[in-house]
Amino acid sequence: QHIKLEIENDRQTKIMNLYNSAVADYNEGINDFNEFINYKNRQFTPQKADPEILNMLDTPDNKFRAAKIKLSQIKNPDRNLANMILQLTRTIDDATAHLTEQQD
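Presented here is a report on the structure given in the accompanying data block. Per chain, the residues get numbers from 1 upward, laid out in the order the sequence is written. In keeping with the predicted nature of the model, local features appear solely for residues at pLDDT of at least 70, side-chain atom pairs appear and are counted solely at 80 or more, and the whole-chain, interface and lining totals rest on all residues. Only hydrogens and water are set aside; all other atoms, that is, all heavy atoms of the structure, feed into the side-chain values.

**Topic: helix 3 (residues 79-103)**
Thought 1: Helix and strand assignments follow DSSP, with helices taken as H or I runs no shorter than four residues and strands as E runs no shorter than two, numbered in order from the N terminus. An expected span of 1.5 Å times one less than the residue number is assigned to each helix. Its 25 residues place the ends of helix 3 36 Å apart at the C-alpha level, agreeing with the 36 Å of an ideal helix rising 1.5 Å per residue.
Thought 2: Buried residues of helix 3: Leu81, Ile85, Leu88, Thr89, Ile92, Ala95 and Leu99, and no others.
Thought 3: Of the surrounding elements, those touching the buried residues of helix 3 are helix 1 (2-41) and helix 2 (50-72).
Thought 4: Polar contact is defined as a pair of N or O atoms within 3.5 Å, subject to the rule that within protein one atom must be able to donate a hydrogen and the other to accept it, and that residues adjacent in sequence are counted only when both atoms are side-chain atoms. The N-terminus of helix 3 is capped by Asp78, whose side-chain oxygen sits 3.3 Å from the backbone nitrogen of Asn80. Relative accessibility thresholds used throughout: buried, under 20% of the residue-type maximum; exposed, over 50%; partly exposed, between the two (1.4 Å probe, protein chains only). We call two residues in contact when some of their heavy atoms are within 4.5 Å.

Right, dumping it as structure tokens:
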């Protein structure tokens, strides 16, 4: 019983670490995207090269993708975590839609 409990605790710890890492990726992506929005609001001053501006959009996109990959790796979450994953996925999808508008 003790070993089974330890195995389950280890599984739960790994799941929460994966979820927390996905949240961290999402937050970094939002921060990076906000930097682009602030730059846009300053009417793209100071001037930057096109590749640098594109990178300002690619970086948050990569962070959002990384977060979704991590969330998809979580198997058999409990009901509470499943709801948290669903909410975070929706939030990432919403942020990705806004990012896509800016990329277009």
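**Considerations on the packing of helix 1 against helix 3**
For any two helices packed against each other, the geometry is given by the interaxial angle and the distance between the axes.
Thought 1: To get an axis, fit a line to the C-alpha atoms, keeping to the stretch in contact for a helix; angles then go from 0 to 180 degrees between the N-to-C directions. In the contact formed by helix 1 and helix 3, the axes pass within 11 Å of each other and the chain directions differ by 25 degrees. In terms of orientation, helix 1 and helix 3 fall into the roughly parallel class. Of the two elements, helix 1 crosses helix 3, and the hand of that crossing is left-handed. Facing Ile15, Met16, Tyr19, Ala22, Val23, Tyr26, Ile30, Phe33, Phe36, Ile37 and Lys40 of helix 1, the residues of helix 3 in contact are Leu81, Met84, Ile85, Leu88, Thr91, Ile92, Ala95, His98, Leu99 and Gln102. Each angle gets one of four labels, with under 35 degrees taken as roughly parallel, over 145 as roughly antiparallel, 65 to 115 as roughly perpendicular, and the rest as oblique. Should the near helix be turned anticlockwise from the far one by less than a right angle, the crossing is termed left-handed; should it be turned clockwise, right-handed.

**Section: the side chain of Asp61**
Thought 1: By the element assignment, Asp61 lies in helix 2.
Thought 2: Sequence-distant contacts of Asp61, defined by excluding residues within four places in its chain, comprise Leu99 and Gln103.

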